[in-house]
Amino acid sequence: MQIESTTLWDFPTQNYGDTSHGDNKFNGVTPAFVIWNLLQRYTKEGDRVVDPMAGSGTTIDVALELNRKVRAYDVHPVRKDIIKNDARKIPLPDDYVDFVFIDSPYSDNIKYSDEPDCIGKISCEKELFYDELEKVAQEILRILKPGKAMGWVIADQWIKKKFSATGFLMWQRLEKYFEPIDIICLTRHNQTSNTGVWHSRAREFNFYLRGFKYLFIMRKTNYIK
Ligand SMILES: C[S@@+](CC[C@H](N)C(=O)[O-])C[C@H]1O[C@@H](n2cnc3c(N)ncnc32)[C@H](O)[C@@H]1O
């Protein structure tokens, strides 16, 4: 397995094109270029793309621009083209889609909505957080055509002097179902913690600023595991 460090996050074409993608004011928005890059690599025109936790709809905008068919869901839709749905039960047939992109909650650090089914209400310090995301992984596995790929963005957590290896713990769950393709480090130089206050806190309490997220790229195998 190759671990690659990249600056995709800050790539100059992050804001490519004339149209907008998703909503930069949405807390937890995925940079459009991350999705654009995945769709270029793992799909072709006319393919079916799904985002089970669509947020501000970045996946929809990028997929349509690249002439892919797209279906996007969220437990708290903020646009008409996002279907209200819990990602633990996706209303699509088995072996139906060519690619799934998901940028899931990383813990209970962001308040997305008041929806009781929001997985972002569960702390990543609890086993339950991974159990619920594993149900989403099982659904992604079910709807993907054999041999097709998915991309999952997630990050670690360091709060109240405690580190949670959220990314690796989630990877362990995903490995039960999918074949690894790659692990990408999405660097975040313009993140909110890149300020003087956070730098001095990091020195005082001896922790590293969270400067990256993981992008896990995995494939549904062609055979039964
Ligand atoms: C990190 S955001 C996604 C950001 C999105 N990719 C974008 O670019 O705007 C995570 C999303 O997961 C949604 N979510 C949380 N639990 C969910 C569930 N059980 N089913 C569906 N969506 C869920 C939240 O409402 C939130 O919009």
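Residues numbered from 1 in each chain as written. Predicted model: local features only at pLDDT ≥ 70, side-chain atom pairs only at ≥ 80, totals over all residues. Heavy atoms only, no water.

Enquirer: Please explain the confidence of the model for the chain as it appears in this structure.
Expert: Regions with low pLDDT carry predicted coordinates that are not meant to be interpreted in detail. With 88% of its residues at a pLDDT of 70 or more, the chain shows a mean pLDDT of 89. Here residues 1-15 is a poorly scored stretch, pLDDT under 50, and it has 33 contacts once near neighbours within four places are set aside; other chains count. (pLDDT = per-residue confidence, 0-100. Contact = heavy atoms within 4.5 Å.)

Enquirer: Would you mind showing me how to read the packing of helix H1 (residues 32-42) against helix H2 (residues 58-65) here?
Expert: The description of two packed helices rests on the angle between their axes and on the distance between the axes. Running from N to C, H1 and H2 cross one another at 45 degrees; their axes reach a closest spacing of 9 Å. It follows that H1 is oblique to H2 by the angle criterion. Seen from above, H1 lies across H2 with right-handed handedness. Residue-level inspection shows Ala32, Ile35, Trp36 and Leu39 of H1 in contact with H2, the latter providing Thr58, Thr59, Val62 and Ala63. Each residue belonging to the contact of H1 with H2 can be placed in one class, and the counts come to six nonpolar, two polar and no charged. (Axes fitted to C-alpha atoms, helices over the stretch in contact; angles between N-to-C directions. Helix = DSSP H or I, 4+ residues; strand = E, 2+ residues; numbered from the N terminus. Parallel < 35°, antiparallel > 145°, perpendicular 65-115°, else oblique. Left-handed = near helix turned anticlockwise from the far one by under 90°. Nonpolar A, V, L, I, M, F, W, Y, C, P; charged D, E, K, R; others polar.)

Enquirer: Any chance you could explain the packing of helix H3 (residues 127-143) against helix H4 (residues 166-175) here in plain terms?
Expert: The geometry of H3 relative to H4 is characterised by a closest axis approach of 10 Å and an angle of 45 degrees between their N-to-C directions. When the axis of H3 is compared with that of H4, the two are oblique. Judged by the twist between their axes, the crossing of H3 over H4 is right-handed. Two secondary-structure elements touch here, H3 through Glu127, Phe129, Tyr130, Asp131, Leu133, Glu134 and Ala137 and H4 through Thr166, Leu169, Met170, Arg173 and Leu174. For the contact of H3 with H4, the class distribution of residues is seven nonpolar, one polar and four charged.

Enquirer: Just to check I follow, could you spell out the nonpolar core for this structure?
Expert: Among soluble globular proteins, nonpolar side chains are generally buried collectively. In terms of nonpolar packing, the biggest core is built from 51 residues, with Leu133, Val136, Ile140, Met150, Trp152, Leu174 and Phe178 touching the most fellow members. The dominant element in this core, judged by the number of residues it contributes, is H3, at seven residues. With residues near it in sequence (within four places) discarded, leucine 174 still touches Ala137, Met150, Trp152, Phe216 and Met218. (Core = buried A, V, L, I, M, F, W, Y, C linked by side-chain atoms within 4.5 Å. Buried < 20%, exposed > 50% of the residue type's maximum accessible area, 1.4 Å probe, protein only.)

Enquirer: Looking at this structure, I do not really get the environment of lysine 160. What am I missing?
Expert: Tracing the sequence through the fold places lysine 160 in the loop between strand S7 (157-159) and strand S8 (162-164). A sequence separation of 45 residues divides lysine 160 from phenylalanine 205, and the C-alpha atoms of the two residues are 9.7 Å apart.

Enquirer: What is the right way to look at the environment of leucine 141 in this model?
Expert: Among the structural elements, leucine 141 can be located in helix H3. The exposure class of leucine 141 is partly exposed, given its relative accessible area of 22%. Along the primary structure leucine 141 and lysine 220 are separated by 79 residues, whereas in three dimensions their C-alpha atoms are 6.4 Å apart. Ignoring sequence-local partners within four residues, the contact set of leucine 141 consists of Tyr177, Phe178 and Lys220.

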